[in-house]
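Examination of the molecular architecture
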Amino acid sequence: MSAQENFDKVQPGDIVEGRPFTVTTDTIQDFGDASLDYNPLHFDPDWMEKNDFGGTHFGGVIMHGMQNFALITRTLTDWLVPRGGYHRRLETRWIKPVKLGDTITPEATVSRKNPTDSGHWVQFDVVVKNQDGEPVATGQALAEFRDTIPG
Amino acid sequence: MNVMGEDFETDFWKEVTDRATWDMIVPGELRETRPVTLTKQIIQDYARKVGEDNPLYFDEDYAKSTPYGGIVAPPSIHILLMFACTTSKDWMRSPGTINAGQNWYYNVPIRPGDTIEMRGTALDKFIKKDRLFAVHENLFTNQHGQVVCTGRGQTIRPV
């Protein structure tokens, strides 16, 4: 299947549903061990109870913001790889802290297709919501449909 | 055990006085970095621990059947490299550093055995309301000199 054929199959409005992810002390430890990010924001409940950060009182440990980033990446690449798409860009903003016990689910929606001089590009709107349906992270992503992998 | 399988100081309070505060960060100055070689073991341990289970990262036969031609690392592995390639004195480790958002562009995928170098700076710093922000900019390249990915992000600095 050519890049053009794969690109033609993607339509604005296509929805990419991610898998739910529940945050526990184990998932935070795993993410720390994966990222080497052992900031006490994620590991020290007493310190988090006693301190404010940028005027915000979290009251307990928070999930690494980049766990959102990794889960969005997984959602996009799991959908793109079998469809011949190459993950090119991800831009994220954190809206709300994620705490122990929260269950978050990423979702991406194809917003636009952009053929360029020599490429086939697809834009996605991304949102990660918690168990109450509140957005905890939003973003945009870009994929390219190509015949070969760069490099 | 962390995915690099090496001693890594997990107490970010140690050496805290050696790290640049917001006042000391000079936009444009290079951060101290070191090259890191990513073995298949490190790539797969990283993938498992962040929840990645795509066979592209684990199954050589499957990966060979795709345009990738072999196992690669998940694109998000810069999450590990941002810490693995910097030193314990790097200000990104300061306790209370709040990540406010990131954007990353991906070029060449990382493959097992690649040695990755990082070039990192603070691109900018600013104050918004009463919050002190630093903008960081990172470039990762492989042993062939190819760009792997570039990224920019903002953190709120601890006071």
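Residues numbered from 1 in each chain as written. Chains lettered and ligands numbered in written order. Predicted model: local features only at pLDDT ≥ 70, side-chain atom pairs only at ≥ 80, totals over all residues.

Going by the annotation in an unreviewed UniProt entry, the name recorded for chain B is Putative monoamine oxidase regulatory protein, with Pseudooceanicola batsensis given as the source organism.

Taking an unreviewed UniProt entry as the reference, chain A is identified by name as Phosphate acetyltransferase belonging to Pseudooceanicola batsensis.

Once that is clear, we can look at the overall build of chain A. The helix and strand inventory of chain A stands at 4 helices and 6 strands. Traced from its N-terminal end to its C-terminal end, chain A shows the element sequence α-β-β-α-α-α-β-β-β-β. With 151 residues in all, chain A has 40% of them scored as buried. Residue pairs at least 24 apart in sequence account for 65% of intrachain contacts in chain A once pairs closer than 6 positions are excluded. (Helix = DSSP H or I, 4+ residues; strand = E, 2+ residues; numbered from the N terminus. Buried ≥ 20, exposed ≤ 12 C-beta atoms within 10 Å, placed from the backbone. Contact = placed C-beta atoms within 7 Å.)

Quick look at the overall build of chain B now. Secondary structure assignment for chain B yields 3 helices and 5 strands. Secondary structure elements of chain B occur, N-terminal to C-terminal, as β-α-α-α-β-β-β-β. Taken over C-alpha atoms, the radius of gyration comes to 17 Å for chain B, in line with the 15 Å a tight globule of 159 residues would show. Seen along its three principal axes, the alpha-carbon backbone of chain B occupies a region of about 55 × 30 × 25 Å. Residue pairs at least 24 apart in sequence account for 71% of intrachain contacts in chain B once pairs closer than 6 positions are excluded. (Rg over C-alpha atoms; globule rule 2.2 N^0.38 Å.)

In this section: the UniProt feature "domain: MaoC-like" (unreviewed entry) in chain A. As recorded in UniProt, the feature "domain: MaoC-like" (unreviewed entry) lies at residues 13-123 of chain A. A distance of 11 Å separates the end C-alpha atoms of residues 13-123 of chain A, which is 30% helix and 29% strand. (UniProt positions renumbered as here; feature names shortened; annotations may be inferred.)

Glancing now at the UniProt feature "domain: FAS1-like dehydratase" (unreviewed entry) in chain B. Here the UniProt-annotated "domain: FAS1-like dehydratase" (unreviewed entry) positions come out as residues 32-150 of chain B. Annotated as 19% helix and 34% strand, the span residues 32-150 of chain B places its first and last C-alpha atoms 17 Å apart.

At a minimum axis separation of 8 Å, helix H2 (residues 25-35) of chain A and helix H1 (residues 40-50) of chain B run at an interaxial angle of 155 degrees. Accordingly, the angle class assigned to the pair H2 of chain A and H1 of chain B is roughly antiparallel. When you trace H2 of chain A past H1 of chain B, the crossing you get is left-handed. Across the interface between the two elements, Asp-30, Phe-31, Asp-33 and Ala-34 of chain A of H2 of chain A pack against Tyr-46, Lys-49 and Val-50 of chain B of H1 of chain B. Looking at the contact of H2 of chain A with H1 of chain B residue by residue, the classes come out as 4 nonpolar, no polar and 3 charged. (Axes fitted to C-alpha atoms, helices over the stretch in contact; angles between N-to-C directions. Parallel < 35°, antiparallel > 145°, perpendicular 65-115°, else oblique. Left-handed = near helix turned anticlockwise from the far one by under 90°. Nonpolar A, V, L, I, M, F, W, Y, C, P; charged D, E, K, R; others polar.)

Below, the discussion takes up the interface of chain B and chain A. Opposite the 43 residues of chain B that make contact, chain A presents 37 residues. Put simply, the parts of the chain that give the side of chain B that touches chain A at least two residues each are H1, helix H3 (78-84) and strand S2 (98-106) of chain B. Per-element accounting of the side of chain B that touches chain A gives the leading share, 9 residues, to S2 of chain B. Here the side of chain B that touches chain A is built from residues that sort into 25 nonpolar, 14 polar and 4 charged. Pairing analysis gives 5 bridges linking strand S3 (residues 85-94) of chain A to S2 of chain B, with the strands arranged antiparallel. Note that in S2 of chain B the partner of Arg-89 of chain A across the bridge is Tyr-105 of chain B. (Pairing = 2+ DSSP bridges.)

The subject of this paragraph is the nonpolar core. Soluble globular proteins: nonpolar side chains tend toward being buried together. Counting 72 residues, the largest nonpolar core has Leu-76 of chain A together with Ile-43, Tyr-46, Ile-77, Leu-80, Leu-81 and Ile-116 of chain B as its most contacted members. If you tally residues by element for this core, the top one is helix H4 (residues 65-80) of chain A, at 8 residues. Excluding anything up to four places from it in sequence, Leu-80 of chain B contacts Ala-34, Ser-35 and Leu-36 of chain A together with Val-3 and Tyr-46 of chain B. (Core = buried A, V, L, I, M, F, W, Y, C linked by C-beta atoms within 7 Å.)

As a further point, take the confidence of the model for chain B. Summarising the model, chain B shows a mean pLDDT of 96, and 100% of its residues fall at 70 or more. Model confidence for the complex is summarised by a pTM of 0.97, with the ipTM given as 0.96. (pLDDT = per-residue confidence, 0-100.)

What follows is about H4 of chain A. Spanning 16 residues, H4 of chain A covers 23 Å between terminal C-alpha atoms, matching the ideal 22 Å at 1.5 Å per step. The buried count for H4 of chain A comes to 15 of 16 residues, which makes it a mostly enclosed element. (Expected span 1.5 Å × (residues − 1).)

On to the pairing of strand S4 (residues 131-141) of chain B. All names here are of chain B. Note: strand S3 (residues 115-128) against S4, 11 bridges, orientation antiparallel. Each bridged residue has a counterpart across the sheet, and for Ile-127 the counterpart in S4 is Leu-132. Following S3, the chain reverses through 2 residues before pairing antiparallel with S4; Lys-129 in that reversal takes a positive phi of roughly 50 degrees. What sits between S4 and strand S5 (residues 147-156) in their antiparallel hairpin is a turn of 5 residues, with Gly-145 showing a positive phi close to 80 degrees.

All names here are of chain A. With respect to the helices and strands, the residue Pro-106 is situated in strand S4 (residues 103-115). Sequence-wise, Pro-106 and Leu-76 are 30 residues apart; in three dimensions their C-alpha atoms are separated by 9.5 Å. Those residues in contact with Pro-106 that lie beyond four places of it in its chain are Gly-18, Leu-71, Ile-72, Thr-75, Val-126 and Val-128.

A regular strand places its side chains so that they alternate between the two faces of the sheet. Pairing geometry for S2 of chain B and S5 of chain B, over 8 bridges, is antiparallel. Note that in S5 of chain B the partner of Gly-101 of chain B across the bridge is Gln-154 of chain B.

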